[in-house]
Amino acid sequence: MSNGYHIVVCGSIVPDPLQTLEPIETFAGPALKNEMLLPAVLDPWAGHALYEAANLASHAPGSKVWLVSLGAKAKLQQVMMTIAQKVSFELIPIDGPAGGFTDAHATAAVLAEAIQSIAGLDRSRLLLFGGWESASRGAGVTMQLIGERLGILDQFQGVDQLTVQPDGSFEILERIEGGRHQVSLCQGASVLFGWATGNLPEPRNNPQIGMANMRAIMPALQRAKTTAPVADAMRYRSASPPKQQRQTRIVKNLSADEIAQEIVAWIEKA
Amino acid sequence: MTPVGPEPAATPASIIDRQQMEVDIACVGFGPAMGGFLTTLSRELLNPDGSPRLESGCMPGAPLQVICYERADGLGFGVSGAVTRGRGIRHSFPDLDLAQIPMATPVKGEKLVYLLDPAGASNRSFALRAADKVIRTFGSLIGFRENALELPLIPSFLQKHDGFVLSLGQFNQWVGEQLTSSGLLQIWPGTPVSAPLIEERTVKGIRLADQGVALDGTPQDGFMPGMDIRAALTVVGDGPVGAVGRGIDAHFGMPAGHHYSEWALGMKMVIELPENSGLETGTVLHTFGFPEPEIFGFLYVHPDRLASVGIFIPSWFRSPVRTAYRYLQHFVLHPYLWRHLQGGTLKSWGAKSLQESGRRGEPYLAGDGYARIGEGSGSTNVLSGSGVDEAWTTGTQLAEAVIELLQQKLPFTRRNLEETYVRRRRASWVDRESRVAADSRNGFPCGLISGLFGMALAGFTGGRVVIPPPSSQEKGSSLEERFGARIPPAELQKLKDEAAGRSLPLHDQIMNRCGWPEIPFDGKLLVSHQDALLTGGSVQAPPGYANHVSFLRPDVCSKCEPKLCVEMCSGQAISRGERGAPQFDREKCIYCGACLWNCRAEETGEPANVDFRAGAGGLHSALN
């Protein structure tokens, strides 16, 4: 494709999953305790989507990547300091709440509106990328809902690989049950891809990319619209963390069989 | 162009096509000093109409190009809780609203407490045991309770009653947000800087760490040589174990009579207090006497029932099996503290090396093309036990100097920086108080009582009368010297053999044998060392970077006993490897730097055997 793609990646932020997350009840419903104190990261699923987008764009001259991200502005700014050195993109920030207790329908509405308002976005070249799942919103429907709102009919979920064919069509590998992939062919844009993990490693930090990105990211953050996704129909009856039982033993070079045997023995004992 | 300082030796220079980028000011390390520098500088970068007030030399017409690289993955990772008088910070923020900074609060009450040893296991001198006996006998008359004595007065030089309690992680994050949101300068965490770039006597910038390399530094798939960032001025604020500061020291040496002789390891927990803890927000406790007489402790109460609780293990504590984590647990369990902490939950944990040489460890503050600020520049006041505010202030002083030089269009030469930055620093309260403090700790190598006497002498005479400095630079006594009177030689040898055979540090066995009780793990607050590593953020070791700790001459290490690097390692990342030489596990390293100053090779006249480089990753906790 001579003019390249217009790739919009939807990717919000989540508390660093390595932190101890503790749901609490607030007047507005469930929330995470001290969420603003916790470091945030780009949702790992969205991260895969972003890196795949940048890789695809780098092989299709004329392409451009946008990252549409909903989250508290201060936290978005923090996360940009981590990812903006990795790949080139333009940030479309939306200042608002994001976390494990945001309604997917309301979130999709906000994100779709933001995408529609991107200046210069060519719908005929549009590839909409996002995470198939989310480390924060486990319903796994946000991307579908955005696609529906934007009228994108070709949607692929659990994508691990996207290959551009010589004629410009796409070959797509989607995860299906049994650890296998379904192979699909798609004529071209506009398409929605909900990425699983993809195949790419996290890109290296590149200071020149970071410097160039940040010149546009900070003004964009300063102009970020504030939005609160409205979810009148949503009621949470209860929220509780999964029960944890930690027994730590750090051992190196144990074979997969030995690890499996140990886990089975531990489960049987428990 | 020569990168000076440690760099992975396995990276062959011939295959490297290294990129360069030019900025006006390159900064290394984002801590309180750099916060002060960038805050002051950023306010002068633009005119009210948005035009550049300070114009870039490398990008004509644009504002000054300022970039800061921080090794840790976040601006608030891997640092410490603090109580500070905040004089310099308040000067920068006259309308400072502590409510805007998470975990910050004014000091409400401050106590200095002498902790006696309820277990009877610590190594106390005859004089101290006698003093303890007197206190226990007549304690009811002087307020002795819970094995502790609250001192009626806190010496003025130690007081922080007009200050505030901070989580340095949250403070750094708050400062970083203000700075980056302005869009006027860039701060990049997760970017280790491997070395300064030095041409003859001029620092020309910095070199970032190589990416896409194996643990030994060998290029792998996706190899990306660390970029050279060239700058008219390099601001070095990478702390006491930073690669750039040490590289500059290695190249230029230290001023006559100055050396890094005193260190401490600070280790702390962030604890969610039980509802009925009885501790008021803003409470500050300073302790001494327990778990060993040489170990000082603290407890600061933040808002929302969070408390920072920790200890300092100083280099003058000569135990060859000095371990911070186990001692920290005994500290928490002291009855005076445990009555408040029991039922609490460990939220986070961390450790950091502190450069405690103070003024005696001050390097050259400026040279052609560079300036030093913060802890690595010897700004910590070792008498008042204060470092954050001093570091911040040195940053603001350098920023004022830089603004002056830029306005006068003068280059960043050693002479110009000395006439602006160093002159400001010498005329300030930071320098005045550091002169008083310079020799205040000389007495501690001879014991707690002489140490406290020396502090009082220096503090109350304004530093005019002090105890002479110790002559010995020995880092630790032998096991036999330290424990020979308590453990028979044959048993000591057996313990050593057992530890070596199981590749374990010695300290647990020695402490058990000396009568320290086992830690009653409760899974909430009292957890194993490895569980602490996984609490509140865990340790990250991003792939593609070389090991940042290696042992240069394994044969020297294999003969070294006891191995202080193993005993002192905060994350148990260094263990006994094959043939007795230490081995390093990056996935446990919290980058405290204790191995660097605990290497005993120098005692035998050999150069230090630990190669400590710029590394990525470390603890992921913003609560510290």
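What you see is a predicted model; the values in this text were computed from it and never measured.

Below, the discussion takes up the overall build of chain A. Within chain A, the secondary structure is distributed over 6 helices and 13 strands. Scored against the burial criterion, the 270 residues of chain A give a buried share of 43%. Counting contacts in chain A only where the partners sit at least 6 residues apart, residues at least 24 apart contribute 78% of the total.

What follows concerns the overall build of chain B. The helix and strand inventory of chain B stands at 18 helices and 27 strands. The C-alpha atoms of chain B give 24 Å as radius of gyration, which agrees with the globular expectation for 624 residues (25 Å, within 12%). Across its three principal directions, the C-alpha atoms of chain B cover 75 × 55 × 45 Å. A total of 624 residues make up chain B; the buried ones form 57% of that total.

Residue and element names in this part refer to chain B. Note that strand β6 (residues 109–115) and strand β16 (residues 283–288) share 6 bridges and pair parallel. Bridge assignment links E110 to a residue of β16, and that residue is V284. The pairing of β6 with strand β7 (residues 148–150) spans 3 bridges and is antiparallel. Looking across to β7, one finds that V113 is bridged to E150.

Interfaces are often sized by the amount of accessible area the parts lose when they come together. Residues and elements named next belong to chain B. Split into domains, chain B comes out as domain 1 (19–84 + 169–259 + 360–436), domain 2 (105–167 + 261–358) and domain 3 (517–619). Computed over C-alpha atoms only, the centres of domain 1 and domain 2 are separated by 33 Å. Each partner contributes to the interface: domain 1 provides 25 residues, whereas domain 2 provides 24 residues. Within the residue set of the side of domain 1 that touches domain 2, elements represented by two or more residues are β4 (81–84) and α4 (168–181). Broken down by element, the residue count for the side of domain 1 that touches domain 2 peaks at 4 residues, all from β4. Split by residue class, the side of domain 1 that touches domain 2 holds 8 nonpolar, 15 polar and 2 charged.

Time to look at the environment of B:V549. Residue and element names in this part refer to chain B. Within the secondary structure, V549 sits in strand β23 (residues 549–551). Of the residues examined, V549 has 23 C-beta atoms within 10 Å and is grouped as buried. It is 33 Å that separates the C-alpha atoms of V549 and G451, two residues lying 98 residues apart in sequence.

Now for the sheet that holds strand β19 (residues 345–355) of chain B. All names here are of chain B. Taken together, 7 strands build an open sheet; the order of strands is β7-β6-β16-β17-β18-β15-β19 and the sheet is mixed. What marks the edges here is a single partner per strand, and that holds for β7 and β19. When the angles between neighbouring strand axes are averaged without regard to direction, this sheet yields 20°. Pairing of β16 with strand β17 (residues 296–301) involves 5 bridges; the strand directions are antiparallel. Looking across to β17, one finds that L285 is bridged to L299. Contacting β15 (263–272), β17, β18 (306–314) and β19, helix α6 (residues 324–332) crosses the sheet at an angle of about 130° to β18.

Residue and element names in this part refer to chain A. Helix α4 (residues 142–150) packs onto helix α3 (residues 104–116) with a crossing angle of 45° between their chain directions and a minimal axis gap of 8 Å. In terms of their interaxial angle, α3 and α4 are classed as oblique. Between α3 and α4 the crossing geometry is right-handed. For the pair α3 and α4, contact is made by A104, H105, T107, A108, A109, L111, A112 and I115 and by T142, L145, I146, R149 and L150, respectively. For the contact of α3 with α4, the residue count by class is 9 nonpolar, 3 polar and 1 charged.

It is worth spelling out the interface of chain B and chain A at this point. Listed as interface residues are 34 residues of chain B and, on the opposing side, 28 residues of chain A. Contributions of two or more residues to the side of chain B that touches chain A are made by α4, β9 (186–188), β12 (211–213), β13 (219–224) and α15 (529–533) of chain B. In terms of residue class, the side of chain B that touches chain A is made up of 12 nonpolar, 19 polar and 3 charged.

With that settled, consider α3(A). Residues and elements named next belong to chain A. With 13 residues, α3 should cover 18 Å at 1.5 Å per step; its first-to-last C-alpha distance of 18 Å lies within 8% of that length. Among the residues of α3, those classed as buried are A104, A106, T107, A108, V110, L111, A112, A114 and I115. As for α3, its buried residues are in contact with β1 (6–10), β6 (64–71), β7 (90–95) and α4.

All names here are of chain A. One open sheet accounts for 9 strands, arranged β11-β10-β9-β12-β8-β1-β6-β7-β13; its pairing is mixed. Looking at strand neighbours, the two that pair on one side only are β11 (180–186) and β13 (225–226), the edges of this open sheet. When strand β8 (residues 126–131) meets strand β12 (residues 191–195), the two strands line up parallel, connected through 5 bridges. Within the sheet, the bridge partner assigned to L128 lies in β12 and is L192.

For the rest of this paragraph, the subject is unusual backbone geometry. A cis geometry characterises the amide bond from A:A189 onward to A:S190, with omega recorded as 0°. In this structure, A:S190 sits in the loop between β11 and β12. Residue B:P562 follows B:E561 across a cis peptide bond; omega there is -15°. When you line up the elements, B:P562 lands in the loop between α16 (554–559) and α17 (564–568). Positive phi outside glycine occurs at B:K409, with the angle close to 55°. B:K409 sits in the exposed class, given 8 other C-beta atoms within 10 Å.

Looking now at the nonpolar core. Counting 222 residues, the largest nonpolar core has A:V9 and B:A371 as the members making the most contacts within it. With 10 residues, the next largest nonpolar core counts B:F483, B:A499, B:L506 and B:M511 among its residues.

Another aspect to go through is the packing of helix α2 (residues 73–83) of chain A against α4(B). Each packed pair of helices is defined by two parameters, the angle between the axes and the distance between the axes. Closest axis-to-axis distance for the α2(A)/α4(B) pair is 10 Å, and the angle between their directions is 85°. Here α4(B) runs roughly perpendicular to α2(A), going by the angle between their axes. Contacts from A:A74, A:Q77 and A:M81 of α2(A) reach α4(B) at B:E177, B:T180 and B:S181. Residues of the contact of α2(A) with α4(B), tallied by class, amount to 2 nonpolar, 3 polar and 1 charged.

This brings us to the confidence of the model for chain B. When pLDDT is low, close inspection of the predicted coordinates is not appropriate. Scored by pLDDT, chain B has a mean of 90; 96% of the residues are at 70 or more. Reported for the predicted complex are a pTM of 0.91 and an ipTM of 0.83.

Quick look at the environment of B:S315 now. For B:S315, the location among the structural elements is in the loop between β18 and α6. Separated by 11 residues in the primary sequence, B:S315 and B:R326 place their C-alpha atoms 17 Å from one another.

What follows is about the confidence of the model for chain A. Residues with a pLDDT of 70 or more make up 90% of chain A, whose mean pLDDT is 87. Taken element by element, the predicted model of chain A shows its lowest mean pLDDT in strand β4 (residues 29–32) of chain A (76) and its highest in β1(A) (97).

Quick look at the environment of A:R149 now. Residue and element names in this part refer to chain A. Assignment of secondary structure puts R149 in helix α4. Take R149: there are 16 C-beta atoms within 10 Å of it, and that puts it in the partly exposed class. Taking the C-alpha atoms as reference, R149 lies 21 Å from W45; in sequence the two are 104 residues apart. For R149, the residues in contact, after removing those within four places along its chain, are A108, A109 and A112.

Cut-offs used in this document
- Residues numbered from 1 in each chain as written.
- Chains lettered and ligands numbered in written order.
- Predicted model: local features only at pLDDT ≥ 70, side-chain atom pairs only at ≥ 80, totals over all residues.
- Helix = DSSP H or I, 4+ residues; strand = E, 2+ residues; numbered from the N terminus.
- Buried ≥ 20, exposed ≤ 12 C-beta atoms within 10 Å, placed from the backbone.
- Contact = placed C-beta atoms within 7 Å.
- Rg over C-alpha atoms; globule rule 2.2 N^0.38 Å.
- Pairing = 2+ DSSP bridges.
- Domains from an automatic or database assignment.
- Nonpolar A, V, L, I, M, F, W, Y, C, P; charged D, E, K, R; others polar.
- Axes fitted to C-alpha atoms, helices over the stretch in contact; angles between N-to-C directions.
- Parallel < 35°, antiparallel > 145°, perpendicular 65-115°, else oblique.
- Left-handed = near helix turned anticlockwise from the far one by under 90°.
- Expected span 1.5 Å × (residues − 1).
- Core = buried A, V, L, I, M, F, W, Y, C linked by C-beta atoms within 7 Å.
- pLDDT = per-residue confidence, 0-100.

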